[in-house]
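Structure assessment
Chain residues, written in single-letter form:
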Amino acid sequence: MKVEVFADADAVAQQSAALIAAEARVAVAARGRFVAAVSGGHTPWAMLRALSGEDVPWPKVYLTQVDERVAPAGDSDRNLTHIRESLTAALRPEQILAMPVESPDLHAAAAQYAAMLREIAGSPPVLDLVHLGLGPDGHTASLVPGDRVLEVTDADVALTGIYQGRRRMTLTYPVINRSRRILWLVTGGEKVEMLGRLLKGDVSIPAGRVRQDQAVVFADKAAAQQVAA
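Summarised in this report is the structure supplied together with it. (Residues numbered from 1 in each chain as written. Predicted model: local features only at pLDDT ≥ 70, side-chain atom pairs only at ≥ 80, totals over all residues. Heavy atoms only, no water.)

**What about the sheet that holds strand β9 (residues 182–186)?**
In plain terms, the rule: Here, any two strands with at least 2 DSSP bridges between them count as paired. A run of DSSP states H or I qualifies as a helix once it reaches four residues; a run of E qualifies as a strand once it reaches two. Both are numbered from the N-terminal end. By the convention used here, residues are in contact when the closest approach between their heavy atoms is within 4.5 Å. Lines fitted to C-alpha atoms define the axes, with helix axes restricted to the stretch in contact, and inter-axis angles between N-to-C directions lie between 0 and 180 degrees.
Read across the sheet, seven strands follow the order β1-β10-β9-β6-β2-β3-β5 without closing on themselves; strand pairing throughout is parallel. Only two strands of the sheet have a single partner each, and these edge strands are β1 (2–6) and β5 (96–97). In terms of strand pairing, β9 meets strand β10 (residues 215–220) through five bridges, oriented parallel. Paired with W184 across the two strands is V217, which belongs to β10. Helix α3 (residues 79–87) rests against β2 (34–38), β3 (61–65) and β5 of the sheet, and its axis sits at about 155 degrees to β3. Sheet contacts for helix α6 (residues 192–199): β1, β9 and β10; angle to β10, the most-contacted strand, approximately 160 degrees.

**Quick word on the layout of surface pockets**
Where we set the bar: With a 1 Å grid laid over protein atoms only, a set of points is called a cavity when a 1.4 Å probe fits there but cannot get out and a pocket when it is open yet has protein on both sides within 12 Å along at least five of seven lines; lining residues have an atom within 4 Å of a point. Grid points are joined across faces, edges and corners, and a volume is the space filled by probe spheres set on the points.
In this structure, the largest pocket spans a volume of roughly 730 Å³. In terms of lining residues, the largest pocket is bounded by 32 residues, among which G40, G41, H42, R69 and H139 are the most central. Put simply, the parts of the chain that give the lining of the largest pocket at least two residues each are α2 (42–51), β4 (67–69), α3, β6 (129–133) and β9. Tallying contributions element by element places α2 first for the lining of the largest pocket, with four residues.

**Thoughts on the environment of G32**
Relative to the assigned elements, G32 resides in the loop between α1 (9–31) and β2. Along the sequence, G32 and K2 sit 30 residues apart, while their C-alpha atoms lie 27 Å from each other. Dropping the residues within four chain positions of it, G32 is found in contact with A27 and K60.

**Focus: the packing of α2 against α3**
To be explicit about the condition: To sort the angles, those under 35 degrees are grouped as roughly parallel, those over 145 as roughly antiparallel, those from 65 to 115 as roughly perpendicular, and the leftovers as oblique. Left-handed describes a crossing whose near helix is turned anticlockwise from the far helix through less than a right angle; right-handed describes the clockwise counterpart.
Direction vectors running N to C along α2 and α3 enclose 25 degrees, while the axes themselves pass 8 Å from each other. With respect to α3, the axis of α2 lies roughly parallel. Crossing of α2 over α3 shows right-handed handedness. Facing α2, whose interface residues are W45, L48 and R49, α3 presents N79, H82, I83, S86 and L87.

**With respect to the side chain of T140**
Applicable threshold: Accessible area is worked out with a 1.4 Å probe on protein chains only. A residue is then buried under 20% of its type maximum, exposed over 50%, and partly exposed in between.
Relative to the assigned elements, T140 resides in the loop between β6 and β7 (157–163). Owing to a relative accessible area of 0%, T140 belongs among the buried residues under this scheme. Contact partners of T140, with chain neighbours within four places excluded, come to L132, G133, W184, A207 and V210.

**Side note on unusual backbone geometry**
With an omega of 0 degrees, the peptide bond between S123 and P124 qualifies as cis. Not every positive phi belongs to a glycine, and A141 is a case in point at roughly 50 degrees. Along the chain, A141 falls in the loop between β6 and β7. You will see that Q164, though not glycine, has its phi angle at about 50 degrees, which is positive. Tracing the sequence through the fold places Q164 in the loop between β7 and β8 (166–171).

**Things to note about the side chain of D128**
How we decide: For the purposes of these results, a polar contact is taken to be a pair of N or O atoms within 3.5 Å, where, inside protein, one atom must be able to donate a hydrogen and its partner to accept one; residues adjacent in sequence count only when each atom of the pair is a side-chain atom.
Take D128: it is sitting in the loop between α4 (106–121) and β6. Residue D128 is classed as buried on the basis of its relative accessible area, which comes to 5%. At a separation of 2.8 Å, a polar atom in the side chain of D128 contacts the main-chain amide nitrogen of V35.

**Considering α6**
The following threshold applies: It is the directions from the helix axis to the C-beta atoms that the arc portrays.
When we look at burial in α6, the residues that qualify are V192, M194, L195 and L198. What you see down the axis of α6 is that its buried residues fit within an arc of 165 degrees, all on one side. Buried residues belonging to α6 abut β9 and β10. At the C-terminal side of α6, G201 shows a positive phi close to 70 degrees.

Below, the structure is given as structure tokens:
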């Protein structure tokens, strides 16, 4: 797994945007569309804002969600709220494919989202790029320690139990690990230990079970204190 270290979170966001734009151009040239999945977090929101100013073939881009909290529309806890705010000038509403967490039947909604992924990314779906974050507890997406969702192998989208006050809908390992490129954004000194464990392929943490051969880590100096130069 390739690791690149940048001065700070802002630099991580800018460089990540440039990488995504390049991947989008390649995907559109090769397959006619670019389908990416993004996670939440402050650095990712900065990345998406930077992406809006990059050279991207926007009409051919579809943005899906890695995970989402079960919360009302417009809630500040929702990743979708920030995605739309960051890219409202670049993407039409129908190009941002929201996880249907407002549905009264969340299990049916998860299956619906998986079906949508098959429609736009093949069967089984192969996403062009999946952006992931890394939690201080080793979680990624909403694949959290001890949750039964970690063992889901027969669905691309599933539900978690309650984590940090919210139930979540998340992509699962099968669809994440089929993706053509995985982009990790890791910033902040609280991530030092888990970044080291991720790079060692420690499968005792959820993040360590994500494939590494198509992955790149963009980290800031604070998170990468133990990464060999």
